[in-house]
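Survey of secondary and tertiary structure
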Amino acid sequence: MSAISLELADGRTISGHCDAQFTGVLAEFRRNFEERKEQGASIAITLAGRTVVDLWGGLARPDTGEAWGRDTVSIVYSCTKAATALSLHMLVDQGKVAYETPVGDIWPEFASGGKEATTVGMMLAHTSPVPHVAEPIKAGGLADWDYMTARVAAEPAHWEPGTRQGYHGVTYAWTVGQLVRLVSGMPLGQYFRENVAGPLGLDFHIGLPESEEGRVAPMIAPDPAEVNFASAFFRAAMTQPGSLPNLFLTNLGGADFNSREIHAAEIGSANGITNARGLAGMYAPLANGGGTLLSADRVHRMGRVSAATHSDAVLYQPMRFAMGFMTSTDNRAAGGDSLILGEAAFGHVGMGGSVGFADPAQGLSMGYTMNRMGAGILVNPRGQSLIDAAYRALGMTSDASGAWR
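Below: a short report on this structure. (Residues numbered from 1 in each chain as written. Predicted model: local features only at pLDDT ≥ 70, side-chain atom pairs only at ≥ 80, totals over all residues. Heavy atoms only, no water.)

Side note on the packing of helix α2 (residues 80-93) against helix α7 (residues 177-184)
Note the following rule: To get an axis, fit a line to the C-alpha atoms, keeping to the stretch in contact for a helix; angles then go from 0 to 180 degrees between the N-to-C directions. Comment: elements are numbered from the N terminus, with helices defined as DSSP H or I runs of at least four residues and strands as E runs of at least two. The hand of a helix crossing depends on one turn: near helix anticlockwise from the far one by less than a right angle means left-handed, and clockwise means right-handed. Whether two residues are in contact is decided by their heavy atoms: any pair within 4.5 Å suffices. Here the term charged refers only to Asp, Glu, Lys and Arg, the term nonpolar to Ala, Val, Leu, Ile, Met, Phe, Trp, Tyr, Cys and Pro, and the term polar to all other amino acids, Gly among them.
α7 packs onto α2 with a crossing angle of 35 degrees between their chain directions and a minimal axis gap of 9 Å. By crossing handedness, the relation of α2 to α7 is classed as left-handed. From α2, T84, S87, L88 and L91 reach across to α7, where they touch G177, L179, V180, V183 and S184. Residue classes in the contact of α2 with α7 are distributed as five nonpolar, four polar and no charged.

Quick look at the environment of S385
Within the secondary structure, S385 sits in helix α14 (residues 381-393). In sequence terms S385 and V25 are 360 residues apart; their C-alpha atoms lie 8.1 Å from each other. Those residues in contact with S385, other than ones at most four positions away along the chain, are E28, N32, R36 and R392.

Digging into the pattern of salt bridges
What counts here: For this document, the term salt bridge refers to a Lys or Arg side-chain nitrogen within 4 Å of an Asp or Glu carboxyl oxygen. The buried label applies to any residue whose accessible area, calculated with a 1.4 Å probe on protein chains only, is under 20% of its type's maximum; exposed applies above 50%, and partly exposed to all values in between.
Tallied over the full model, the rule gives 19 salt bridges. With a shortest N-O distance of 2.6 Å, R382 and E38 are connected by a salt bridge. Note that R382 is positioned in helix α14 and E38 in the loop between α1 (23-35) and β3 (40-47), a separation of 344 residues in sequence. Relative accessible area serves as the criterion here: at 3%, R382 is assigned to the buried category.

Here's the deal with the packing of α1 against α14
Formally: Angles are sorted into four bins: roughly parallel if under 35 degrees, roughly antiparallel if over 145, roughly perpendicular if 65 to 115, and oblique for all others.
Interaxial distance between α1 and α14 falls to 8 Å at its minimum, and their mutual angle equals 165 degrees. Comparing their axes, α14 and α1 come out roughly antiparallel. Seen along the crossing, α1 lies across α14 with a hand that is right-handed. For the pair α1 and α14, contact is made by G24, V25, E28, F29 and N32 and by R382, S385, L386, A389, A390 and R392, respectively. In terms of residue class, the contact of α1 with α14 is built from five nonpolar, three polar and three charged.

Quick notes on the packing of aromatic side chains
Two numbers describe a pair of aromatic rings. These are the distance of the centres and the angle of the planes. Selection rule: Aromatic rings from Phe, Tyr and Trp, taking only the six-membered ring of Trp, are treated as a pair when their centres fall within 6.5 Å; an angle between ring planes under 30 degrees marks them as stacked, one over 60 as edge-to-face, and anything in between as tilted. Note on geometry: a ring has a charge over it if NZ (lysine) or CZ (arginine) is within 6 Å of the ring centre and within 35 degrees of the ring normal.
This model, assessed by the stated rule, comprises twelve aromatic pairs. When the ring of F192 is compared with that of F204, the centres are 5.0 Å apart and the planes differ by 65 degrees; the resulting orientation is edge-to-face. Pair noted here: F192 is in helix α8 (residues 188-200) and F204 is in the loop between α8 and α9 (232-239), with a separation of twelve residues, a long-range link. Across the pair, exposure class does not vary: F192 and F204 are buried alike. When the ring of F357 is compared with that of Y391, the centres are 6.1 Å apart and the planes differ by 25 degrees; the resulting orientation is stacked. You can see F357 sitting in strand β11 (residues 355-359) and its partner Y391 sitting in helix α14, a full 34 residues away along the chain. Each member of the pair F357 and Y391 is classed as buried. Counting every residue linked through ring pairs, the aromatic cluster contains Y167, F233, F234, F248 and F321. Stacked on the ring of F110, the Lys or Arg K115 has its end atom at 5.0 Å from the ring centre. Seen from the ring of Y147, K138 lies directly overhead, with NZ or CZ sitting 4.6 Å from the centre.

Side note on unusual backbone geometry
Outside of glycine, negative phi angles account for most residues, and trans bonds account for most peptide bonds. Although it is not a glycine, A48 adopts a positive phi angle of roughly 55 degrees. Here A48 lies in the loop between β3 and β4 (50-61). In this structure A48 comes out as exposed when scored by relative accessible area, which is 61%. Backbone geometry at Y77 places phi at a positive 45 degrees, although glycine is not the residue there. Looking at the secondary structure, you find Y77 in the loop between β6 (74-75) and α2. Take Y77: its relative accessible area is 10%, and that puts it in the buried class.

A few points about helix α13 (residues 296-303)
In plain terms, the rule: Summarising the geometry, the arc corresponds to the directions from the helix axis toward the C-beta atoms.
For α13, the complete set of buried residues consists of R298, V299, M302 and G303. Angularly, the buried residues of α13 cover 120 degrees about the axis, an arc narrow enough to put them on a single face. Those residues of α13 that are exposed and angled more than 90 degrees off the buried face are D297 and H300.

A short note on the nonpolar core
Note the following rule: Nine residue types can take part in a nonpolar core, namely buried Ala, Val, Leu, Ile, Met, Phe, Trp, Tyr and Cys, and a core is a set of them joined through side-chain atoms within 4.5 Å.
Counting 125 residues, the largest nonpolar core has I43, I45, L142 and M282 as its most contacted members. Ranked by the residues each element gives to this core, the list is headed by α2, at eight residues. Setting aside its immediate chain neighbours within four residues, I43 contacts V25, F29, V53, D54, L55, A276, M366, G367, Y368 and L386.

In structure tokens, the structure reads:
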């Protein structure tokens, strides 16, 4: 790969390495800073397990002028769900639990209030009936594992298990994370560290050690002027107290995701801390047959669409999910948010626009992280431009349905 050192017109820099085949990705990464209001960010891509793009740039802390360095990390919000799901899939692959296993067999307290028929597979696929908890979460509650697992277990079913798809934006940390904890016999963060991040050499944490706090780029809230308040999701979130969109955005116990308290907690739906290299590195084995993590059959099963709907019960727009991962979903014609990938690809976005995915058909993995959040609920033009450039580098084109082929 060629070494990259670029100075932008405003004095910010882009550094790293980029294979000549992927110079289009570098061009879009630069455009993000020059035209799309990027502040600090990183992008990494692997192809057939080889790193072909590893770039970072801009400012980690615009208020102080601190540059985004090679080892800067940031919170990646719902990209964390992929790490949590991967952990449970590994336990399935090892024969320690099955997708068809009733959750009550593992977690007896959960089997109440109409949730008794919930299976492990439903937990993974967002068809479990606990997309959120209705009553207010106590101050600091998201950082209290025992409190949140008790709340999730006690929550009455919002629908008959398996009959609806509703994005578990926050509760995925405990619907799936508690299963990892109970089946493996260790906390989620420890399991992920010892079985995924450690063996793969990833700078990826669910529960950040205090010693690493200084490397974290604080998140910058999205510009309200960019929010599509006309969307069904945001209309409900803002005007319908108690609705699932409203609970997803507001019932968080006052959590400050830039705080040390949240960074140190284990919130397997929302507080993973890494950079693009960590995301791309986690997905690289999944793009190439499973590597040392999973069997090839398991990768195929976990990446296959398992739930799709014209109206997700939480996001109020069409969504397509594999078992714990998002798949290509093009809502541009309907004015909704999208994630446009190859047909075989699966991954996950994080609120504000971070994204990671694997495309086994191409042997491709990618991660993108940033500190200035976009306003949508899936990727925004910054992330999608990088995805598009990566696929163009492989000679692919986007068809009428939006998927890359």
